[in-house]
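Letter by letter, the chains look like this.
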Amino acid sequence: MTIKIFDAAYSNEFKIPAWYSEDGQGHMQDGKFFFTAEYGSWQKCDWLVVSDTPYSCFFTDIPRERRILFIVEPPEIRDYKKFAYYLEQFGMIVSQYDFPGYTGKVIISNPNLGWTVGALNEMNSLTKAMNYKAPAKNKLISIISSLKQKTQYHKKRVNFLHVLQKEFAGIIDCYGRDFNPIDDKLEAIAPYKYHIVIENSRLNYYWTEKLVDAWAGWALPIYCGDPEILSQVPDKNGLVIIDVDDVDASLRKIHEVLDDDIYSSRLDAIKTCRDWALKASNRYELVCKIIDEAKDYTPKLAKPELFRIILSTRKTFVYNILKAISPNLADKIFLAYCKHNGKFWE
């Protein structure tokens, strides 16, 4: 029997990130598992998977024990600890850090954001991504960066970008939606030997699609991010570590990499890390493992209950006050608010 999982997307497009699945159509393990985001399918599915928060609230009979939340933003961007009402709807949370007081199970892991390069074309399924061959490398080094400056590490990344543009003028190619946009990140990685990756945070286990994209495009990542990354990768030669807090040392390291042109000598390590990361960052792979290891399935709820989304901090404060007075009244007002604002799936 096929196990059906509803992937609650942060949009009203009702499309799964199909590239996570083996066939690009939502199937895993030869059809044993099927992931869907089809409208209304939460009423027919066995498990619920959420990254961050859905766009809208809805009623579901999937029990708490069969709901999995993936924490995908660092605390600097979203402090999930402020939304206890939201977290307690899940039996399991996949996160880079623990949640004191949370009564479910926390699985410490990377955000499982997969890859985005070639996701609509050359690598639009796990199978195609795994089989994507190393392209010709006729360019040297690139970086993809936005100009966001909302957090400390946004600012450090932008500052380092400006330093790179000056230090490696005529050598490095810089891309980003704010200044040199591209349709597919593969264009900015596949032709290059080296790709600089700077994460939004220095949180342990917070390595994202930025790193996986470099490997997926067969580039050697020059990486600043997760301090524990070398303890996780299968081959430490599959990346080069820099620290944007030490600009001079980072520039020396990049010069050393380019001067020695180490790409060919690191190609086997890149492949090893690439094969590992395409699965280790794939939330569908992890969800299938979690379900396989689940000893017992809690029966579906006799009466569907409201699944609540994350509200703003101010609205959450009001909701928590109402909930302390009357949980039923709080949920009625929550539902009315969502319906009024177009954030309710019938």
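Above this note sits the structure.
Figured I'd write up the structure that's included with this text. (Residues numbered from 1 in each chain as written. Predicted model: local features only at pLDDT ≥ 70, side-chain atom pairs only at ≥ 80, totals over all residues. Heavy atoms only, no water.)

**Observations concerning the overall build of the chain**
We apply this condition: A helix here means a DSSP run of H or I that spans at least four residues, while a strand means a run of E at least two residues long, and both kinds are numbered starting from the N terminus. Atoms considered for the radius of gyration are the C-alpha atoms alone. The globule rule reads 2.2 Å times the number of residues to the power 0.38. Burial classes: relative accessible area under 20% of the type maximum marks a residue as buried, over 50% as exposed, and values in between as partly exposed (1.4 Å probe, protein chains only). Exposure was quantified through the Shrake-Rupley algorithm and a 1.4 Å probe, taking into account, for residues, occlusion by the shown protein chains and nothing else.
When its secondary structure is counted, the chain shows nine helices and 14 strands. By the compact-globule yardstick of 20 Å for 346 residues, the chain fits well, its C-alpha radius of gyration being 21 Å. In terms of overall dimensions, the chain has C-alpha extents of about 65 × 45 × 35 Å along its principal axes. Each of the 346 residues in the chain was classed as buried or not, and the buried ones make up 51%. A total of about 16,000 Å² of accessible surface is found on the chain, and carbon and sulfur atoms cover 50% of it.

**Re the environment of A136**
Put simply, the rule is: Residues are treated as being in contact if the distance between any of their heavy atoms lies within 4.5 Å.
With respect to the helices, strands and loops of the structure, A136 is situated in the loop between α2 (126-131) and β9 (139-144). Classification of A136 as exposed rests on a relative accessible area of 62%. In this structure, the C-alpha to C-alpha distance between A136 and K148, residues twelve residues apart in sequence, is 32 Å. Discounting residues that sit within four places of it in the chain, A136 has contacts with A190 and P191.

**A short note on unusual backbone geometry**
A positive phi is found at Q29, a non-glycine position, where the angle reads about 50 degrees. With respect to the helices and strands, Q29 occurs in the loop between β2 (27-28) and β3 (33-36). Phi is positive for D52, which is not a glycine, with a value near 70 degrees.

**Focus on the packing of helix α4 (residues 209-216) against helix α6 (residues 263-280)**
Applied cut-off: Whenever a helix is involved, its axis is fitted only over the stretch in contact; in every case the axis is a line through C-alpha atoms, and angles between N-to-C directions fall within 0 to 180 degrees. Put simply, angles under 35 degrees are roughly parallel, angles over 145 are roughly antiparallel, angles from 65 to 115 are roughly perpendicular, and the rest are oblique. The handedness criterion is simple: a crossing whose near helix is rotated anticlockwise from the far helix by less than a right angle is left-handed, and one whose near helix is rotated clockwise is right-handed. Side-chain classes follow a simple rule in which Ala, Val, Leu, Ile, Met, Phe, Trp, Tyr, Cys and Pro form the nonpolar group, Asp, Glu, Lys and Arg form the charged group, and the remainder, Gly included, forms the polar group.
Between α4 and α6, the shortest axis-to-axis distance is 9 Å and the interhelical angle comes to 130 degrees. Comparing the axis directions of α4 and α6 gives the class oblique. The way α4 lies across α6 gives a crossing that is left-handed. Along the contact surface, α4 presents V212, W215 and A216, while α6 presents I270, C273, R274, W276, A277 and L278. Considered class by class, the residues forming the contact of α4 with α6 number eight nonpolar, no polar and one charged.

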